[in-house]
Amino acid sequence: MKDPERLVLDLEGADYGPAIAELQGKVAAGDPYIDKLRAGRNRPGVLRLVLDLKTEVKPQVFTLKPVGEYGHRLVIDLYPLVAPDPLAALIEADGKQPRNEAAMRPEAPAPAPAPVKPKVARLATIVIDPGHGGEDPGARGRHGSREKDITLTIAKRLKALVDAEPDMRALLTRDADYYVPLQVRVDKARRVKADLFVSVHADAFIRPNARGSSVFALSERRATSEAARWLAKKENEADLVGGVNIDVKDKYLAQTLLDLSQTATIDHSLRLGNAVLGELGQVNTLHKARVEQASFAVLKSPDVPSILVETAFISNP
């Protein structure tokens, strides 16, 4: 609805209960899209939810079947009509810097200061991807721990370590408990021109005695082990859990150019994976002593070296 912008949802056969009443206080003041949320009976047997919006949005609505502790769900994702461009934002912020009017007046030229060599030629951008999130909890531990919580905690700690380096910066594909489609994770890395993409997981296996850390890179052919195939299938199915079909045509490059680019990227990913595996071996048992290759959807960026790290098996008590 327009003037003002609102998103209205009518639920037939739903009752106005305490859970609905509590929703009105769930919207954070800093939410970029939602101003407030209201609920009430529209007509007999129909509950109306109204999201008062701060700007025009492009909603995506889909249903999800029960999984884990979740029942049947109706999910509404709000996307901006025009996706924000982080590079354009930086340019705009730079343009708003106050200008020194005195410096614009013609004066006697001052002696040129000695050039200062920058300490860092450019920042290396590392995109860290906490696996799962939101309605996709990931694997579960013996005592109920959830993979989505563990990966987010690890990713935040890793981001702090990367940001502490003078020539590096880290960005997270998600910074809270919400679902991000697999292809969107890849898109986020490409939009910021990431130098590296690291997806963090703590997966389960069919045997409770599976243990150790693993590092995966993309495989152009079939996976290199039964565990790799099983894990890759499980991770890729997360998009179906999130209501998104990942079986789409590649939209970035023609197939020939894509193959050339991806071959080089996989080579860099394998080198990166070997270095990471060597470091992991100093702090934990390794599940495999070499970098494995599998068809994880989050590793399919054609131009960003990408690895997936299984920090440990959450299924091992």
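No experiment lies behind these values; they were computed from the predicted model shown. Each residue is numbered by its place in its chain's sequence as written, counting from 1. Only residues with pLDDT of at least 70 get local features here, since the model is predicted, and only at 80 or more are side-chain atom pairs given and counted; chain-wide, interface and lining totals rely on the full set of residues. Working from all heavy atoms in the structure, the side-chain values ignore hydrogens and water.

### A look at the overall build of the protein chain
Each helix is a run of H or I in the DSSP string that is no shorter than four residues. Each strand is a run of E no shorter than two, and both are numbered from the N terminus. Helix and strand counts for the protein chain come out as seven helices and 11 strands. Restricting to contacts in the protein chain with at least 6 residues of sequence separation, those with at least 24 account for 74%. Carbon together with sulfur atoms contributes 56% to the accessible area of the protein chain, which is approximately 19,200 Å² in total. Contacts were defined at the residue level, with two residues in contact if any of their heavy atoms lie within 4.5 Å. Accessible surface is estimated by sampling points in the Shrake-Rupley manner with a 1.4 Å probe; for residues, cover comes only from the protein chains shown.

### Quick look at the packing of aromatic side chains
Any aromatic ring pair is given by two values, namely how distant the centres are and how the planes are angled relative to each other. Aromatic rings from Phe, Tyr and Trp, taking only the six-membered ring of Trp, are treated as a pair when their centres fall within 6.5 Å; an angle between ring planes under 30 degrees marks them as stacked, one over 60 as edge-to-face, and anything in between as tilted. A full pass over the atoms with the stated rule returns two aromatic pairs. Ring centres of F205 and F313 lie 6.2 Å apart, and the angle between their planes is 65°; this geometry places the pair in the edge-to-face category. Here F313 lies in the segment after β11 (306-310) and F205 lies in the loop between β8 (196-201) and β9 (214-218), a separation of 108 residues in the sequence. In this pair, the class of F205 matches that of F313, namely buried. Where F216 meets F296, the ring centres are 5.2 Å apart and the plane angle is 85°; that geometry is what we call edge-to-face. Of this pair, F216 sits in strand β9 while F296 sits in the loop between β10 (292-294) and β11, and the two are 80 residues apart along the sequence. An identical accessibility class is assigned to F216 and F296; each is buried. Three labels apply to residues, based on accessible area from a 1.4 Å probe with only protein chains included: buried if under 20% of the type maximum, exposed if over 50%, partly exposed otherwise in between.

### Focus: the environment of I266
Structurally, I266 can be placed in helix α7 (residues 255-280). Judged by its relative accessible area of 9%, I266 is buried. Counting along the chain gives 39 residues from I266 to P305, while the straight-line C-alpha distance between them is 6.6 Å.

### Examining the sheet that holds β10
Any two strands are treated as partners once DSSP identifies two or more bridges connecting them. Taken in spatial order, the six strands of this open sheet run β7-β6-β8-β11-β9-β10, and their pairing is mixed. Looking at strand neighbours, the two that pair on one side only are β7 (168-172) and β10, the edges of this open sheet. On average, adjacent strands in this sheet sit at an angle of 30° to one another, irrespective of strand direction. Direction of pairing for β8 relative to β11: parallel, over a ladder of five bridges. When the bridges of β11 are listed, S199 appears paired with L308. Contacting β6 (124-130), β7 and β8, helix α3 (residues 147-163) runs over the sheet at an angle of about 160° to β7. Lines are fitted to the C-alpha atoms to define the axes, a helix being fitted only along its stretch in contact, and any angle between axes, read from their N-to-C directions, falls within 0 to 180 degrees.

### Focus on the sheet that holds strand β3 (residues 46-53)
Strand order across the open sheet formed by three strands is β1-β3-β2, with antiparallel pairing between neighbours. Of all the strands in the sheet, the pair left with one neighbour each is β1 (6-12) and β2 (34-43). Within the sheet, the average angular offset between the axes of one strand and its neighbour, ignoring direction, is 15°. When β1 meets β3, the two strands line up antiparallel, connected through seven bridges. If you follow L7 over to β3, its bridge partner there is L51.

None of the figures reported here should be taken as evidence of function without further support.
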